[in-house]
Amino acid sequence: MKPTLSVSDAALALPAPASPFKKYWKILRISLVERLVYRADFIVSTIFRFLPLVTSFLLWQAVFDGSQQQSLSGFDRRRMIAYLLMVQISRMFSSMPGLAGGIARDIRDGNLKKYLLQPIDMIAYLVSYRAAHKMAYIVTSALPYGLLFFLCRDVFDGWPDLLTLLAYAVSLALAFLIGFFFEATIGMIGFWFLEVTSFLYIINTVNFFVSGHMFPLDLLPPFWSHMLQLLPFQYLAYFPAMVFLEMKTGQELVIGLVMELFWAVLFIVLARVLFKFGLRRYSAYGG
Amino acid sequence: MHQFLRYVRLWTALARFSLVRELAFRTNFLVKIVVEMLWLAILIAFYETIFAKTSMVAGWDRYQYLFFLGFYFALGGLLETLFLENCNNFADLVRTGDLDFYLLKPMDEQFLVSCRTIDWSCAPNVLMGAGVMLAALVFGGWEFDVGRLLLFLITLVCGTGLAYGFLLLLTAASVWFMRNQSLFEMWWLFSTLMRYPREIFSGTWAYPAGLFFSFVIPIMLVTNVPAQVMMRAIEPKLVAYAAAATGVVLWASRRFFKFALERYRSASS
């Protein structure tokens, strides 16, 4: 009888690219298998995650009903729901729960030396690990999210053109990099301060608002809207969603992507530099 | 009565012990307050953004909605102070087998599991929420009415009881789902249903869903009934239903909790 192939086996069977990325590719495959063990957990939490989204839709419907206007700061009812849906996709790529806390804990507990004793780069390891988690999350949530997007298909004006889709893909990839290296940078502060979780709580709370996760930044008064669009946080939620909805086009789109690349490079460099200087202070206590 | 007083004394001692423990980590306490103040500021900024575009949300005007917001925040703080941390740790007690030590003590298991620590760092949320409620009453021109105030206090107790009942039901499920370490997150997602006026549930599919979460799983009554009693026309039937539902949910959650404990196998001890 032909043996059946499980999802985990399928993940392990992914073909490996050529060296020198071979070891990080292996880490990605192993992490993917680890994540796929808890499929039911993923599905239940994904379904629960729809509750805030659904109540947000209803709240904005009530706001539109109350205002008796067709459009609020350039968003009509359909656009608003489409935006709230697309922000979920942005956050799927850019959110990095536990990354900074994990790095700071490894520094504090002395577990960081496991990376130093092996021929492995900690940041590259964490990128592979996190990419696997993201892939697993996207695969397992594709069905419920697909269903939700199908039910809400009327709020979209069809697919954007190929160039916009390409720009959207680039903005999502950069959102992943900014999300990852921003969190990694915060985690590296652990070399100087033992306790970073408090700082992290504050950052995450503020981020929920300033990234445009709650609502489009254009709804804020013009001064605040412009100010927040100068910060890197908008690229974690607002900007990719606006690109897909074709509300950032032409020069605005190009400048947005260039700035997103700038922030990604800045955080990559910052994380690397802090890691380098931090290692000089590191005393490998504990462990 | 003697038993009741014994539990009051016990709870007071536990509260005092929790306070001493909290004061040992004063920075943590301060940071928690800063985070909660930021969260309240974000909620108010969101509220201001909404009311810059409209004067009514689902029949609630600016100050009625502000009162609702303050009440949601204060009640959330009350639940976090009294119960959430305890319930969140229950899955760990089950997984490690440490629940045995609680079951051996000569007191009610539900009391010990759900009330043993007080998270004092969340207590300021109650005051902050009350401050927002007070501002809404003052700026909204609320006329003092002792009847409404009494009814509000009664429905506040009912709302707290209802929410506690639902929290206990989720907690008891940890006996079967021992990996349920994210009760805090689950509760946050579930309690989203208490966050807005229930009148936003209008439309073909949303209206039945609103009825379902008001009368079958009455989580939306937790915040809606007290806020409505204070700021809008009183619906006596809804108030009576909320009181009855509180009794039923508290009874059912206790039965379910006991049932869950009977299934506990003390596997890791």
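Residue positions are counted from 1 within each chain, in the order its sequence is given. To label them, take the chains in the order written and letter them from A, then take the ligands in the order written and number them from 1. Given that this is a predicted model, residues contribute local features only at a pLDDT of at least 70 and side-chain atom pairs are listed and counted only at 80 or more, while totals for whole chains, interfaces and linings are drawn from all residues.

A. Representation of the overall build of chain B within the structure. Scanning chain B from terminus to terminus reveals eleven helices and two strands. Helix and strand assignments follow DSSP, with helices taken as H or I runs no shorter than four residues and strands as E runs no shorter than two, numbered in order from the N terminus. For chain B, the N- to C-terminal ordering of α and β elements is α-α-β-β-α-α-α-α-α-α-α-α-α. Seen through its C-alpha atoms, chain B measures out along the principal axes to roughly 60 × 45 × 40 Å. Counts of 20 or more other C-beta atoms within 10 Å of a residue's own C-beta define buried residues, counts of 12 or fewer define exposed ones, and intermediate counts define partly exposed ones; C-beta atoms are placed from the backbone. The buried share among the 269 residues of chain B stands at 34%.

B. View of the overall build of chain A. Along chain A, the regular secondary structure elements total twelve helices and two strands. Start at the N end of chain A and walk to the C end: the helices and strands fall as α-α-α-β-β-α-α-α-α-α-α-α-α-α. Buried positions account for 34% of the 287 residues belonging to chain A. Here the contacts in chain A between residues at least 6 apart in sequence split such that 81% fall between residues at least 24 apart. What counts as a contact here is a pair of residues whose C-beta atoms, placed from the backbone, lie within 7 Å.

C. Broad picture of the confidence of the model for chain A. Residues and elements named next belong to chain A. Across chain A, the average pLDDT comes to 85, with 87% of residues at 70 or higher. For chain A, per-element mean pLDDT is lowest for helix α1 (residues 7-12), which scores 48, and highest for helix α11 (residues 238-244), which scores 97. Along the chain, pLDDT gives the predictor's confidence residue by residue, from 0 to 100. Here residues 1-8 scores under 50 on pLDDT; set against residues more than four positions off or in separate chains, the count is five contacts.

D. Layout of the nonpolar core. A set of buried Ala, Val, Leu, Ile, Met, Phe, Trp, Tyr and Cys residues, joined to one another through C-beta atoms within 7 Å, is what we call a nonpolar core. Counting 129 residues, the largest nonpolar core has Tyr83, Ile178, Phe181, Ala184 and Ala241 of chain A together with Phe67 and Leu167 of chain B as the members making the most contacts within it. Looking at this core, the element that brings in the most residues is helix α3 (residues 62-96) of chain B, giving 19 residues. Excluding anything up to four places from it in sequence, Ala184 of chain A contacts Leu99, Ala100, Ile103, Ile123, Leu126 and Ala271 of chain A.

E. Fine view of helix α12 (residues 250-281) of chain A. Residues and elements named next belong to chain A. Under the 1.5 Å per step criterion, the end-to-end length of α12 is 47 Å for 32 residues, consistent within 8% with the ideal 46 Å. For α12, the full list of buried residues reads Leu253, Gly256, Glu260, Trp263, Ala264, Phe267, Ala271 and Phe275. Lining the buried residues of α12 we find α7 (122-151), α8 (162-188) and α11. Here the expected span of a helix is defined as 1.5 Å times the quantity of residues minus one.

F. Quick look at the environment of Ala227 of chain B. Residues and elements named next belong to chain B. Mapped onto the secondary structure, Ala227 falls in helix α10 (residues 221-231). Between the alpha carbons of Ala227 and Gln3 there is a distance of 34 Å; along the sequence they are 224 residues apart. Residue contacts for Ala227: discarding those within four places in its chain leaves Phe67, Phe68 and Phe71.

G. Just the interface of chain B and chain A, in detail. At the interface, 28 residues of chain B touch 24 residues of chain A. When contributions to the side of chain B that touches chain A are tallied by element, the ones reaching two or more residues are α2 (26-53), β1 (56-57) and α8 (183-190) of chain B. A per-element tally of the side of chain B that touches chain A places α2 of chain B first, with twelve residues. Asp, Glu, Lys and Arg are counted as charged, while Ala, Val, Leu, Ile, Met, Phe, Trp, Tyr, Cys and Pro are counted as nonpolar; the rest, among them Gly, fall into the polar class. Looking at the side of chain B that touches chain A residue by residue, the class counts come to 20 nonpolar, five polar and three charged.

H. How the structure looks around the packing of α8 of chain A against α12 of chain A. Residue and element names in this part refer to chain A. In the contact formed by α8 and α12, the axes pass within 8 Å of each other and the chain directions differ by 25°. With respect to each other, α8 and α12 are oriented roughly parallel. Relative to α12, the crossing made by α8 is left-handed. Of the residues in the contact of α8 with α12, the class split is 20 nonpolar, three polar and one charged. Axis definition: a line fitted to C-alpha atoms, limited for helices to the stretch in contact. Angles are taken between N-to-C directions and run from 0 to 180 degrees. Should an angle fall under 35 degrees it is called roughly parallel, over 145 degrees roughly antiparallel, and 65 to 115 degrees roughly perpendicular, with every other angle called oblique. With the far helix as reference, a near helix turned anticlockwise by less than a right angle produces a left-handed crossing, and one turned clockwise produces a right-handed crossing.

I. Spatial organisation of the environment of Val94 of chain B. Residue and element names in this part refer to chain B. Considering the arrangement of structural elements, one finds Val94 in helix α3. You can call Val94 buried: it has 24 C-beta atoms within 10 Å. Once the C-alpha coordinates of Val94 and Leu168 are considered, the two residues, 74 residues apart in sequence, prove to be 15 Å apart.

J. Broad picture of the packing of helix α9 (residues 197-210) of chain A against α2 of chain B. Between α9 of chain A and α2 of chain B, the shortest axis-to-axis distance is 10 Å and the interhelical angle comes to 0°. In terms of axis orientation, α9 of chain A runs roughly parallel to α2 of chain B. In this structure, α9 of chain A uses Ser198, Tyr201, Ile202, Thr205, Val206, Phe208 and Phe209 of chain A to contact α2 of chain B, whose residues at the interface are Asn28, Val31, Val34, Val35, Leu38, Trp39, Ile42 and Ala45 of chain B.

K. Molecular detail of α10 of chain B. All names here are of chain B. Of all eleven residues in α10, eleven are buried; the element is thus mostly enclosed. Among the residues of α10, Leu221, Val222, Thr223, Asn224, Val225, Pro226, Ala227, Gln228, Val229, Met230 and Met231 are the ones counted as buried. Residues of α10 that are buried sit in contact with α3, α7 (146-172), α9 (206-216) and α11 (236-263).

L. Molecular detail of unusual backbone geometry. Of note in this structure, Glu246 of chain A is not a glycine but carries a positive phi near 55°. Positive phi values are uncommon outside glycine, yet Ala58 of chain B reaches one of about 50°. Mapped onto the elements of the fold, Ala58 of chain B is located in the loop between β1 and β2 (60-61). Given 19 C-beta atoms within 10 Å, Ala58 of chain B falls into the partly exposed group.

M. Highlighting the confidence of the model for chain B. Residues and elements named next belong to chain B. For chain B, mean pLDDT is 90; residues scoring 70 or higher make up 97% of the total. Confidence scores differ between elements of chain B, with α8 showing the lowest mean pLDDT of 78 and helix α6 (residues 123-139) the highest of 96. This complex was scored by the predictor with a pTM of 0.86 and an ipTM of 0.89.

N. Quick look at the environment of Leu266 of chain A. Residues and elements named next belong to chain A. Its location among the elements puts Leu266 in helix α12. C-beta crowding within 10 Å serves as the criterion here: with 15 such atoms nearby, Leu266 is assigned to the partly exposed category. Residues Leu266 and Ile178, spaced 88 residues apart in sequence, show a C-alpha to C-alpha distance of 8.9 Å.

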